[in-house]
Amino acid sequence: MKPAATPAQAEHMKSPINSFLNFLKVERNSSELTIKSYKDDLDHVCEFFEEQSGRLPAPAEVDVSQLRNYVAYLHECGYARSTVARRLACLRSFFRYCKREGICETNPAKPLRTPRAGRKLPHFLTTEEVGRLLSAPPAHLPDGLRDRAILETMYSAGLRVAELVSLNVTDLDRSAGILRVIGKGRKERIAPVGSYALKAIDRWLNVRKPDPKAAAADSSAMFLNRFGRRLTTRSIGRMLEKHILVAELSTRTSPHTLRHSFATHLLDGGADLRSVQELLGHKSLTTTQIYTHVSTRRLRETYEAAHPHAQYAG
């Protein structure tokens, strides 16, 4: 058993965590959302340690049995397997950093097995449902023109919400029909934009009015709120909630649903998986492959509905 840390050592548990988060920001160029997620996960395990032993251990004191107790606690609390897996990945990264920096000798999270996650198929819209959603915003109002441009752009380019709100007017090359997109990890990619989205953007830009008093980072945004400043991701969510009611779509529909629909419709139309991976900005092809399961499921449903002997298939 490892010797107990002194109170002074225990007080320094937060210091390696802060150093690790700074490493993610500076060295890994991780997004603010990623850093916040890591911080939340590490804060949670710290709370567990404090509740279990009455104090916060130093990283060098933590062993695999303590982390197994933590994993068991997560399961007892009913956390989803995906959440448990994410927190284990966070702990592995943190202790790997601590080992490299000489803060601890081993990585106690390395031997822990990640729970197998039952992956859910993403929710997507049919082309008819997408059409209803895109026509839901009123075309005679500036906000309606903006919302149509937002929805058309998200569907046409398969953008994440954070990518959409970070767009600037100068990121659009109108003649080439492309957008410069900053994705996860500040990775840049070029996203093609269809003619419908380009026309919708043109109509919005004709009525777009940035706040002259706003900072350049706000006034340069492609999509603005009613105060003439950059929209937030939460604003996009509220906007969509309003329009899915008008379009009479499932309440499961979220801003990410348009990205799912974009990928599914491309594969249904014959696009190859590698191309879809590039368009989505996925680092790994494995992430993109879930959309093949969606297409396969739809193919099977069509087959079973149309083939007279489908019910006898073994």
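What counts, and at which threshold
Residues numbered from 1 in each chain as written. Predicted model: local features only at pLDDT ≥ 70, side-chain atom pairs only at ≥ 80, totals over all residues. Heavy atoms only, no water. Helix = DSSP H or I, 4+ residues; strand = E, 2+ residues; numbered from the N terminus. Buried < 20%, exposed > 50% of the residue type's maximum accessible area, 1.4 Å probe, protein only. Contact = heavy atoms within 4.5 Å. Areas by Shrake-Rupley, 256 points an atom, 1.4 Å probe, with all protein chains shown as cover. Pairing = 2+ DSSP bridges. Expected span 1.5 Å × (residues − 1). Salt bridge = Lys/Arg side-chain N within 4 Å of Asp/Glu carboxyl O. Core = buried A, V, L, I, M, F, W, Y, C linked by side-chain atoms within 4.5 Å. Phe/Tyr/Trp six-rings, centres within 6.5 Å; stacked < 30°, edge-to-face > 60°. Lys NZ or Arg CZ within 6 Å of the ring centre and 35° of its normal. Arc of directions from axis to C-beta.

Asker: What exactly am I supposed to notice about the overall build of the chain here?
Answerer: Regarding its fold elements, the chain presents 15 helices and three strands. When each of the 314 residues of the chain is scored for burial, the buried share is 44%. Partitioning the contacts of the chain with sequence separation of at least 6, the portion at a separation of at least 24 is 59%. For the chain, the accessible surface area stands at approximately 18,000 Å², while carbon and sulfur atoms represent 52% of it.

Asker: Got a minute to help me understand the sheet that holds strand 3 (residues 188–192) in this structure?
Answerer: Note on sheets: strands pair through backbone hydrogen bonds, and any given pair is parallel or antiparallel. Taken in spatial order, the three strands line up as 1-2-3 in an open sheet, and their pairing is antiparallel. A strand with exactly one partner marks an edge of an open sheet, and here the two such strands are strand 1 (172–173) and strand 3. For strand 2 (residues 178–182) and strand 3, the ladder comprises five bridges, and the chain directions are antiparallel. Of the residues in strand 3, the one forming a bridge with arginine 180 is isoleucine 190.

Asker: Sorry, what's going on with the pairing of strand 3 here?
Answerer: Remark: a regular strand shows side chains that alternate across the two faces of the sheet. Burial along strand 3 is one-sided: the residues Arg189 and Ala191 are buried and none of Glu188, Ile190 and Pro192 is. In this antiparallel pair of consecutive strands, strand 2 and strand 3, the connection spans five residues, and glycine 185 shows a positive phi of 65 degrees.

Asker: I tried to follow helix 11 (residues 233–246) on my own but got confused; where do I start?
Answerer: Every α-helix winds through 3.6 residues per turn, so residues three or four apart in the chain are directed the same way. Between the first and last C-alpha of helix 11 there are 21 Å, a value that for 14 residues agrees with the 20 Å anticipated at 1.5 Å per step. For helix 11, the full list of buried residues reads Ser235, Ile236, Gly237, Met239, Leu240, His243 and Ile244. Just beyond helix 11, the residue with positive phi is glutamate 248, at close to 55 degrees.

Asker: Would you mind showing me how to read the pattern of salt bridges here?
Answerer: Two side chains carrying opposite charge are able to pair once their charged atoms lie near each other. One pass over the full model with this rule turns up 15 salt bridges. Measuring nitrogen to oxygen at the nearest pair gives 2.9 Å for the salt bridge that ties glutamate 61 to arginine 55. Arginine 55 sits in the partly exposed class, given a relative accessible area of 29%. Salt-bridge contacts for arginine 146 lead to aspartate 147; the nearest nitrogen and oxygen are separated by 2.9 Å. Accessibility assignment for this pair places arginine 146 and aspartate 147 in one class, buried. Through salt bridges with shared partners, one network takes in Lys14, Lys39 and Asp43.

Asker: Whenever I open this one, the nonpolar core confuses me. Can you help?
Answerer: The tendency in soluble globular proteins is for nonpolar side chains to be buried side by side. Leu133, Ile150, Leu164, Leu179, Phe223 and Ile236 are the most contacted members of the largest nonpolar core, which totals 37 residues. Breaking this core down by element, the ones donating at least two residues are helix 6 (127–134), helix 7 (142–157), helix 8 (161–165), strand 2, helix 9 (195–207) and helix 11. Setting aside anything within four residues of it in sequence, one finds leucine 179 in contact with Thr153, Leu159, Leu167, Asp171, Leu172, Arg189, Ile190, Ala191, Val193 and Met222.

Asker: Would you mind going over the packing of aromatic side chains with me for this structure?
Answerer: Each aromatic ring pair is described using two quantities: the centre-to-centre distance and the angle formed by the ring planes. Evaluation of the coordinates by the stated rule reveals eight aromatic pairs. Ring plane angle 35 degrees and centroid distance 5.3 Å describe the contact between phenylalanine 23 and tyrosine 97, whose orientation is recorded as tilted. With a gap of 74 residues between them, phenylalanine 23 in helix 2 (residues 14–26) and tyrosine 97 in helix 5 (residues 81–100) connect regions that are remote in the sequence. Of the two residues, phenylalanine 23 and tyrosine 97, both sit in the buried class. Through a chain of ring-to-ring contacts, three or more aromatic side chains come together here, namely Phe20, Phe23, Tyr38, Phe94, Phe95 and Tyr97. Lying over the aromatic face of tyrosine 79, arginine 87 brings its terminal NZ or CZ to 4.9 Å of the ring centre.

Asker: Any chance you could explain helix 9 here in plain terms?
Answerer: Its 13 residues place the ends of helix 9 19 Å apart at the C-alpha level, agreeing with the 18 Å of an ideal helix rising 1.5 Å per residue. Regarding helix 9, the residues found buried are Ala197, Leu198, Ala200, Ile201 and Trp204. Looking straight down helix 9, one finds its buried side chains confined to an arc of 160 degrees; they lie on one side. Residues of helix 9 that are exposed and point over 90 degrees away from its buried face: Tyr196 and Asn206.

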